[in-house]
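Take a look at the letters that make up each chain.
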Amino acid sequence: MQARRYWGLAGLVCVAVGVALGELLAAFTSPAASPVSAVGQAVIGLLPGQVKEWAIHLFGTADKTVLLLTMVLVMGLLAFSAGVLEKARRGMGMVLIGAFGVVGLAAVAVNAQASILAYAAPIVAAGVAMGLLSWVRGRFLDDDLALHQASELRAAKMAADSKGVSGKQKTPTRTPAAIRETSAREASRRKFLVTMGTGAALAVVAGGASTIFRRASVVVTELRAMVRLPMPKKPAAPIPAGAQLDIPGITSLVTDPETFYRIDTALVVPAVNSDTWTVKVTGMVEREITLNYAQLLAKPMVEEHITIGCVSNEVGGGLVGNARWLGWPVRELLAEAGVLPGADMVLSRSTDGFTAGTPLEAMTDDRNSMIAVGMDGEPLSLVHGYPARMVVPGLYGYVSATKWLMELKVTTFAADQGYWTPLGWSALGPIKTASRIDVPRSGAKPSAGQFTAAGVAWAPERGISAVEVALDGGSWVKATLAEAINKDTWVQWKVSLDLAAGGHELKVRAVDGEGTVQTATLAAPAPNGASGHHTVNFTAQ
Ligand SMILES: Nc1nc2c(c(=O)[nH]1)N[C@H]1C(S)=C(S)[C@@H](COP(=O)(O)O)O[C@H]1N2
Ligand SMILES: [Mo]
């Protein structure tokens, strides 16, 4: 194994495993920018126009395949050289692999579609390759090199000795020690080759898996881009003028879909193919119903702004957002299926196995519970549940808002439980009345004198009738409410304060549409949502 080809093989396999794992990571973190294709993209970008035209001319639509094959070949050669260099001088191969990593990082940096997460892949690729190479070197190659050098020395010595005995050359007899060494080296070589084979197989599997995963999300992203959402039969009520207060730092009335909070148990965002997707109604119904995406889009849709929130949201936290949802009222689907008497729950199930148990009533009364297909005028993003999800006003997401929806089972609370219930969360999850101070933030240093504090308050389904603030433990003062879009959305509030210089504490509470004052009792999110008044501390200067 002293031969260069073994070291080259080690370099090749270690780099292959690193690159394949990097690709696999990238398939999940940044499907639009794999490190290898980012390097390819960068090469395309750097090639002079004439060369590009020449390549297209010569290879036609196969140009990208040719480029990729060339890259694989070049990378293979470099990886082989890294191994060989590592034999010549410890650390040299590592430097070459590190240089690969830097090229990968640079390629990601110039790729417009790459997110910050995309940088992880080249780092992981180079790190894994270096780590493996150093392990292989210590485990197999170094010893072998030492053994080889020892036996060469001995052979040279024996040759010299035998020359001394008689003038003519004769084959040196093999000593028992030499024979033991030879068989030890053969065993070690076999282990080395098995290890290399395993590494190569791992690289092939990881590389193959990465292309399959990437293809799935790319295909679905493309399908999504072609979707034309139907016009709602009942369009959303227009946003009243003045619903969005003009105060720097206040939460936007409609949440930017890009920054809308995301909570789910999915390690990998499910890429659900809308061409083959269906949703079924099963369980305690007169007739089971199956709908595909086209059939769902053809249903009479409603559109409305609805604020949804997560049960894990802390007092003052950001796991709440407001969007304009487009969907088919789920009560119409359940009516078509014919709910049997005795049912009191609908267990919605997603393609990834998550379930939510929603009171049947919340899906059949006159609220805007829907199988949503659109968010703010666009098809749902993959992250928010493409192609379809549940939205139920007034209930926390964990008992209602199933994304990547595939089944609605009409059942009972006695017979079934949603995902979070056996884990200690309440079976019922109405959203608690909540209010938040957005301005000033804790630790802010506004100027003393007149100051406008502002924020949002929500009690979906009940609406908000008042918001009050208390400064420095004083009495509750009414804030001015902006007009709400509807009772299912949060509402903005503001209040003018006269601040003396020095430290202050500001508290907020809301009163819901039924006149119930938001409780001051502190509660942690588990088991049914946090409560207590949001408080900020700041210093006027
Ligand atoms: N498939 C699936 N749907 C899910 C969840 C999940 O883990 N898996 N989490 C729920 C929870 S706890 C919340 S708060 C909402 C969040 O929806 P969003 O990520 O679109 O904001 O999704 C709900 N739907
Ligand atoms: Mo949640």
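How each quantity is defined
- Residues numbered from 1 in each chain as written.
- Chains lettered and ligands numbered in written order.
- Predicted model: local features only at pLDDT ≥ 70, side-chain atom pairs only at ≥ 80, totals over all residues.
- Heavy atoms only, no water.
- Helix = DSSP H or I, 4+ residues; strand = E, 2+ residues; numbered from the N terminus.
- Rg over C-alpha atoms; globule rule 2.2 N^0.38 Å.
- Buried < 20%, exposed > 50% of the residue type's maximum accessible area, 1.4 Å probe, protein only.
- Contact = heavy atoms within 4.5 Å.
- Areas by Shrake-Rupley, 256 points an atom, 1.4 Å probe, with all protein chains shown as cover.
- Salt bridge = Lys/Arg side-chain N within 4 Å of Asp/Glu carboxyl O.
- Near = heavy atom within 4 Å.
- Polar contact = N/O pair within 3.5 Å; in protein donor to acceptor, adjacent residues only side chain to side chain.
- Nonpolar A, V, L, I, M, F, W, Y, C, P; charged D, E, K, R; others polar.
- Pairing = 2+ DSSP bridges.
- Core = buried A, V, L, I, M, F, W, Y, C linked by side-chain atoms within 4.5 Å.
- Domains from an automatic or database assignment.
- Arc of directions from axis to C-beta.
- UniProt positions renumbered as here; feature names shortened; annotations may be inferred.
- Phe/Tyr/Trp six-rings, centres within 6.5 Å; stacked < 30°, edge-to-face > 60°.
- Axes fitted to C-alpha atoms, helices over the stretch in contact; angles between N-to-C directions.

- The protein chain appears in an unreviewed UniProt entry as Molybdopterin-dependent oxidoreductase from Arthrobacter cryoconiti.

1. Focus: the overall build of the protein chain
And then number 1: For the protein chain, the count of helices and strands is ten helices and 18 strands.
And then number 2: On C-alpha atoms alone, the protein chain measures out to a radius of gyration of 33 Å, which is more than a quarter above the 24 Å that the 2.2 N^0.38 rule sets for 541 residues.
And then number 3: Taking all 541 residues of the protein chain together, the buried fraction comes to 45%.
And then number 4: The long-range share in the protein chain, meaning contacts at least 24 apart out of those at least 6 apart in sequence, stands at 76%.
And then number 5: Entry remark: accessible area of the protein chain is about 25,900 Å², with carbon and sulfur atoms responsible for 62%.

2. Some details on the pattern of salt bridges
And then number 1: Tallied over the entire structure, the rule returns 16 salt bridges.
And then number 2: Among the salt bridges present, the one from Glu86 reaches Arg137, with a minimum N-O distance of 3.1 Å. One end of the pair, Glu86, is in helix 4 (residues 63-88); the other, Arg137, is in helix 6 (residues 120-165), and 51 residues separate them in sequence.
And then number 3: A salt bridge links Glu286 to Arg287; the shortest N-O distance between them is 2.9 Å.
And then number 4: For Glu286, a relative accessible area of 52% translates into the label exposed.

3. A few points about the site of ligand 1
And then number 1: Within the structure, ligand 1 sits among 18 residues, and Tyr261, Thr265, His384, Arg389 and Lys403 are positioned closest to it.
And then number 2: Between Ser350 and ligand 1, the recorded distance is 3.1 Å, taken from a side-chain N or O atom to a nitrogen atom.
And then number 3: In this structure, Asp352 approaches ligand 1 through a side-chain N or O atom, which is 3.4 Å from a nitrogen atom.
And then number 4: The protein chains hide 99% of the 530 Å² of surface that ligand 1 would expose on its own.
And then number 5: Here the shell around ligand 1 is built from residues that sort into eight nonpolar, five polar and five charged.

4. Things to note about the sheet that holds strand 17 (residues 502-512)
And then number 1: In space, the four strands of this open sheet follow the order 14-13-17-18, with antiparallel pairing throughout. Here the strands that pair on one side only, and so sit at the sheet edges, are strand 14 (477-478) and strand 18 (535-540).

5. Some details on the nonpolar core
And then number 1: Residues Leu296, Trp325, Ile371 and Leu408 are the most contacted members of the largest nonpolar core, which totals 65 residues.
And then number 2: The two domains that each donate at least three residues to this core are domain 2 (278-423) and domain 3 (434-540).
And then number 3: Residues Ala459, Val467, Leu497 and Leu499 belong to the second largest nonpolar core, which totals 26 residues.

6. Some remarks on the environment of Ala55
And then number 1: In this structure, Ala55 sits in helix 3 (residues 49-59).
And then number 2: When the C-alpha atoms of Ala55 and Val66 are compared, they prove to be 8.9 Å apart, with eleven residues separating the residues in sequence.

7. Quick look at the side chain of Asn322
And then number 1: Its location among the elements puts Asn322 in strand 4 (residues 320-329).
And then number 2: A distance of 2.7 Å separates the side chain of Asn322 from the backbone oxygen of Leu253, its partner in a polar contact.
And then number 3: Within polar-contact distance, the side chain of Asn322 engages the side chain of Thr307 at 3.1 Å.
And then number 4: What Asn322 contacts, discounting residues up to four positions off in sequence, is Leu253, Val254, Thr255, Phe260, His305, Ile306, Thr307, Ile485, Thr489 and Trp490.

8. Describing helix 9 (residues 330-337)
And then number 1: Listing the buried residues of helix 9 in full gives Val330, Leu333, Leu334 and Ala337. The arc enclosing the buried residues of helix 9, seen along the axis, measures out at 95 degrees, which places them on a common side.
And then number 2: Remark: Gly338 follows helix 9 within two positions and exhibits a positive phi of approximately 75 degrees.

9. Looking at the UniProt feature "transmembrane region" (unreviewed entry) in the protein chain
And then number 1: Taking the numbering used here, the UniProt-annotated feature "transmembrane region" (unreviewed entry) corresponds to residues 66-85, 92-110, 116-136 and 192-213.
And then number 2: Secondary structure across residues 116-136 comprises 81% helix and 0% strand; the distance between its end C-alpha atoms is 32 Å.
And then number 3: Here residues 192-213 runs as 100% helix and 0% strand, with 31 Å between its end C-alpha atoms.

10. Let's talk about the packing of aromatic side chains
And then number 1: Per the counting criterion, the structure on display carries twelve aromatic pairs.
And then number 2: Consider the rings of Phe260 and Tyr261, whose centres lie 5.5 Å apart with planes at 20 degrees: the pair is stacked.
And then number 3: What makes Phe260 buried here is its relative accessible area of 4%.
And then number 4: The exposure class assigned to Tyr261 is buried, which follows from its relative accessible area of 13%.
And then number 5: Here the aromatic cluster, defined as three or more aromatic residues joined through ring pairs, consists of Phe354, Tyr398, Tyr419, Trp420 and Trp425.

11. Some remarks on the sheet that holds strand 6 (residues 355-359)
And then number 1: A sheet is described by the order of its strands in space; here five strands give the open sequence 2-1-10-5-6, paired in mixed fashion. Edge strands, defined here as strands with exactly one partner in the open sheet, are strand 2 (289-292) and strand 6. Averaged over neighbouring strand pairs, the angle between their axes works out to 15 degrees when direction is ignored.
And then number 2: Sheet analysis places strand 5 (residues 345-350) next to strand 10 (residues 405-411), joined by six bridges and oriented antiparallel.

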